[in-house]
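# Fold and geometry: a report
Single-letter residue listing:
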Amino acid sequence: MNQQQNIAPMEPLLRVQALSKQFAVSVGRFGGTRPLHALDNVSFLINAGECLGLVGESGCGKSTLGRTILQLLSPTSGAVFFQGQDLSAGDKKTIRTLRRDVQVVFQDPFSSLNPRMRVRDIIAEPLTNQKLPRREIDERVQQVIQDVGLRADYLGRYPHAFSGGQRQRIGIARALVQRPKLLICDEAVSALDVSVQAQILNLLQEIRQEYELTILFISHNLSVVRHIADRVAVMYLGQVVEIGSNEQIFSDPQHPYTRSLISAVLEPTRNSKSKRIMLGGEIPSPLDPPPGCYFSTRCPIAIERCRTEQPAFNETEDQGGVRCHTPGEFKVDMKTSTSE
Ligand SMILES: Nc1ncnc2c1ncn2[C@@H]1O[C@H](COP(=O)(O)OP(=O)(O)O)[C@@H](O)[C@H]1O
Ligand code: SF4
Ligand SMILES: [Mg+2]
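Described in the following lines is the structure provided in the data block.

About the thresholds
Residues numbered from 1 in each chain as written. Chains lettered and ligands numbered in written order. Predicted model: local features only at pLDDT ≥ 70, side-chain atom pairs only at ≥ 80, totals over all residues. Heavy atoms only, no water. Phe/Tyr/Trp six-rings, centres within 6.5 Å; stacked < 30°, edge-to-face > 60°. Helix = DSSP H or I, 4+ residues; strand = E, 2+ residues; numbered from the N terminus. Buried < 20%, exposed > 50% of the residue type's maximum accessible area, 1.4 Å probe, protein only. Lys NZ or Arg CZ within 6 Å of the ring centre and 35° of its normal. Pairing = 2+ DSSP bridges. Near = heavy atom within 4 Å. 1 Å grid on protein atoms, 1.4 Å probe; cavity = no way out; pocket = protein on both sides within 12 Å on 5 of 7 lines; lining within 4 Å. Sits in = over half its atoms within 2 Å of the grid points. Nonpolar A, V, L, I, M, F, W, Y, C, P; charged D, E, K, R; others polar.

For the structure on display, the rule yields 4 aromatic pairs. Ring centres 5.0 Å apart and planes at 80 degrees place the aromatic pair Y236 and F295 in the edge-to-face group. Placement of the pair is Y236 in strand 9 (residues 231-236) and F295 in the loop between helix 9 (256-265) and strand 11 (314-315), with a sequence separation of 59 residues. There is no split in this pair, since Y236 and F295 are both buried. A network of ring pairs unites the aromatic residues Y236, Y257 and F295 as a single cluster. Lying over the aromatic face of F81, R15 brings its terminal NZ or CZ to 4.5 Å of the ring centre.

Looking now at the pairing of strand 4 (residues 77-82). By the bridge criterion, 5 bridges tie strand 1 (residues 14-27) to strand 4 in an arrangement that is antiparallel. From the neighbouring strand, S20 faces strand 4, where its bridge partner is S77. Between the end of strand 4 and the start of strand 5 (residues 85-86), which pair antiparallel, lie 2 residues, with Q83 showing a positive phi angle near 50 degrees.

In the vicinity of ligand 2 there are 13 residues, among which C293, C299, C306, C324 and H325 approach most closely. Most atoms of ligand 2, that is more than half of them, are within 2 Å of grid points of the largest cavity. Partitioning the shell around ligand 2 into residue classes produces 9 nonpolar, 4 polar and no charged.

So, in structure tokens, the structure goes:
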């Protein structure tokens, strides 16, 4: 499997361009609706073979982004390019290919599956739908169950017989059996115990090499993202506020929101001056985002300009960027930061 096939050398596997998604939400008793800004002008790319971590608090738009990439939701504006092809302009064949090339693993992939189906049939189902020869299906299922670290005799059992970690392995097997190019993991380890989380993250690292996968790893948990992502994108209220390499994001975050998230996961050592930054205020509603910078209502270093003028996302040369008027300014000795 060579992901570079049919791709121009410099073309990323996935390019998300100025993507916005609004939901019309009912308000009041008279049938009126208001737009809920779930995604607001989101742009980033994922190169073939890399793992991009997408992190942000619950409700910031991560799953909406995943579903829009998968074309399960249509964008309000903007575009998604997969292997250089604009998916919104794609015909039925393009979308069929996309359904095979891009697979998703959810928090509990079994919740939507038939509990009366044996694991063999659950994994084989996408191939059966593609009408592949019986023998090829059997071979692929045998291979993939082994690749996700499960015994072949599990294939004859039903979903209820498995633990959370095993079920997630089966969910991954069902995705892998289609030999995807891009795997979207949406909170794929969030429901698991910490030790099982580590096992599944290790499995993802292994299969990533073996299957030459590109991964979009979505999680609200920054420590989990840190373990697996090559680059990290941070979302706040429907916008990407920072993108950088794993190392840069964790050692030298430029956006005050990224810095506050990181301060919450870093364990302070005895000699370090780092202290957890507690953000004040509630996350604003995506029905009514604040004027100016969306983070201004909680930002410890907001200035007057921040409340009137929305910062642009300024890209860096290394495919990163930050959305802030004063990036890197929040280099406080965290002792003196806004903490409660
Ligand atoms: N189908 C929908 N209709 C209306 N609002 C939605 C719908 N799906 C998501 N939302 C809203 O969009 C925002 C982003 O949701 P979501 O993408 O699920 O966030 P996350 O995955 O980061 O927790 C939330 O405010 C959520 O309530
Ligand atoms: S633009 Fe202003 S309010 Fe927004 S993150 Fe930067 S400093 Fe904070
Ligand atoms: Mg979600």
